[in-house]
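Fold and contact review
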Amino acid sequence: MNESYWFAGMSVSRTCLCCVKYLMFVFNLIFWLGGCGLFGVGVWLSFTQAEFSSLPLSFPSLSAANLLLVAGGVTMVTGFLGCLGALKEQRCLLMTFFVILLLLVLTEVTLVLVIHVFHKTLDAKAQDDLKGAMKGYTSDEGLRKSWDNVQKMFKCCGVTNKTDWYGVLNGTLPSSCCSVGAHRCVDGWSEACYQKARDWLLDNIPSVLVFGVCIGIVQILALVFSLLMYCQILRAEKYLD
């Protein structure tokens, strides 16, 4: 009687473990593919904004590209670790995956909250960094090309307004501030480059945000399944002992 009970319990435990194992593998595969997607968007954004590469990373599109590259890379590594832990059925790998993923989720939530609460402070700090970088416009050729490309692309002038250039170029404006492209620019575009770049990024980011929310849901499910699988392995080992 005890032996049949043991076999029945062992069979149920193995069945549950197999179900959780394949579910976890599928969710982590989706998670890994999502990381590839984020990394790919980051690479695309980096290439798209390559002509701005000499600007400080606080420039909206450049900071977004780097953030997506880091997030995508970490997600890919974590997803691979989860898939490996599911296939190998090793408690050590599963616990490592769970801890890393939990830290990743907490970091993401903290980052979203910080950006939401301190977005005005972060915007002001980014604008100050960009204004400071403007001082190298006349001496740094790469920086000059980047600023000219930004102003021509977004049809804007300066960080917060065109007067930002007055202190740098002795009361004059760079030719890239004018639509005509004349050697001397007297009355440049009135719109600020920081706000234009920020608006451009926000206009193109909704699909990425939806994708990010989906990845977040998969992350939560992966946490749940990794914990379930860890418990199922413990239960299976208990029956074996």
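So, on to the overall build of the protein chain. Scanning the protein chain from N- to C-terminus turns up seven helices and zero strands. The helix and strand sequence of the protein chain, counted from the amino end, reads α-α-α-α-α-α-α. When each of the 241 residues of the protein chain is scored for burial, the buried share is 37%. Approximately 13600 Å² of the protein chain is accessible, and the part contributed by carbon and sulfur atoms is 67%.

On to the pattern of salt bridges, then. In this structure the tally under the stated criterion is four salt bridges. As a salt-bridge pair, Lys 125 and Asp 129 come within 3.1 Å of each other at their nearest N and O atoms. In this pair, Lys 125 and Asp 129 both sit in helix H4 (residues 119-133), four residues apart, roughly one turn of the helix. Classification of Lys 125 by relative accessible area gives partly exposed; the value is 49%. When its relative accessible area of 32% is taken as the criterion, Asp 129 is described as partly exposed. Between Lys 196 and Glu 191 there is a salt bridge; the shortest N-O distance is 3.4 Å. By relative accessible area, Glu 191 is classed as partly exposed at 41%.

When the sulfur atoms of two cysteines share a covalent bond, that bond is a disulfide. All chains considered together, the criterion is met by two disulfides. Between the sulfur atoms of Cys 156 and its disulfide partner Cys 193 the distance amounts to 2.1 Å. Between Cys 156 and Cys 193, the S-S dihedral sits near 95 degrees, and the bridge is therefore right-handed. Of this pair, Cys 156 sits in the loop between helix H5 (141-154) and helix H6 (193-204) while Cys 193 sits in helix H6; the two residues are 37 residues apart in sequence, bridging distant segments of the chain. Note on accessibility: Cys 156 and Cys 193 belong to one class, buried. Linked covalently through their sulfurs, Cys 157 and Cys 177 form a disulfide whose S-S length is 2.0 Å.

With that out of the way, let us pick up the packing of aromatic side chains. Scanning the entire structure with this criterion turns up three aromatic pairs. Here Trp 147 and Trp 165 contribute two aromatic rings whose centre-to-centre distance is 5.6 Å and whose plane-to-plane angle is 80 degrees, an arrangement assigned as edge-to-face. You can see Trp 147 sitting in helix H5 and its partner Trp 165 sitting in the loop between H5 and H6, a full 18 residues away along the chain. With respect to class, Trp 147 is no different from Trp 165; both count as buried. For the pair Phe 154 and Trp 200, a centre-to-centre distance of 6.2 Å together with 75 degrees between the ring planes defines the contact as edge-to-face. Pair noted here: Phe 154 is in helix H5 and Trp 200 is in helix H6, with a separation of 46 residues, a long-range link. Put simply, the rings of Tyr 137, Trp 147 and Trp 165 pair up and form one aromatic cluster.

Quick look at the environment of Ile 30 now. Examined against the element boundaries, Ile 30 turns out to sit in helix H1 (residues 2-48). Separated by 49 residues in the primary sequence, Ile 30 and Gly 79 place their C-alpha atoms 8.2 Å from one another.

Moving on, we get to the confidence of the model for the protein chain. Averaged over every residue, the pLDDT of the protein chain is 78; the share at 70 or more is 85%. Ranking the helices and strands of the protein chain by mean pLDDT puts H5 first, with 85, and H1 last, with 70. This stretch, residues 1-10, has a pLDDT under 50; its non-local contacts, to residues over four places away or in other chains, come to six contacts.

Here we come to the side chain of Gln 151. By the element assignment, Gln 151 lies in helix H5. When sequence neighbours within four positions are dropped, the list of residues in contact with Gln 151 reads Cys 156, Cys 157, Gly 158, Trp 165, Pro 174, Ser 176, Cys 177, Trp 189 and Cys 193.

Rules used throughout
- In this numbering scheme, every chain counts its residues from 1 along its sequence in written order.
- Residues qualify for local features only when their pLDDT is at least 70, as the model is predicted, and side-chain atom pairs are given and counted only at 80 or more; totals for whole chains, interfaces and linings, by contrast, use all residues.
- The side-chain values count all of the structure's non-hydrogen atoms but skip hydrogen atoms and water molecules.
- The numbering of helices and of strands both runs from the N terminus, where a helix is a DSSP run of H or I of at least 4 residues and a strand a run of E of at least 2.
- For every residue, the accessible area (1.4 Å probe, protein chains only) is compared with the maximum for its type, and the residue is labelled buried under 20%, exposed over 50%, or partly exposed between those bounds.
- For the accessible areas, the method is Shrake-Rupley and the probe is 1.4 Å, while residue cover comes only from the protein chains on display.
- Any carboxyl oxygen of Asp or Glu within 4 Å of a side-chain nitrogen of Lys or Arg constitutes a salt bridge here.
- Cysteine sulfur pairs qualify as disulfides if the two atoms are within 2.5 Å.
- Put simply, two rings from Phe, Tyr or Trp (the six-membered ring, in Trp's case) pair if the centres are within 6.5 Å, and we call them stacked under 30 degrees between planes, edge-to-face over 60, tilted for the rest.
- A residue's pLDDT is simply how confident the predictor is in it, with values from 0 to 100.
- Only heavy atoms matter for contacts: two residues are in contact if any of them lie within 4.5 Å across the pair.

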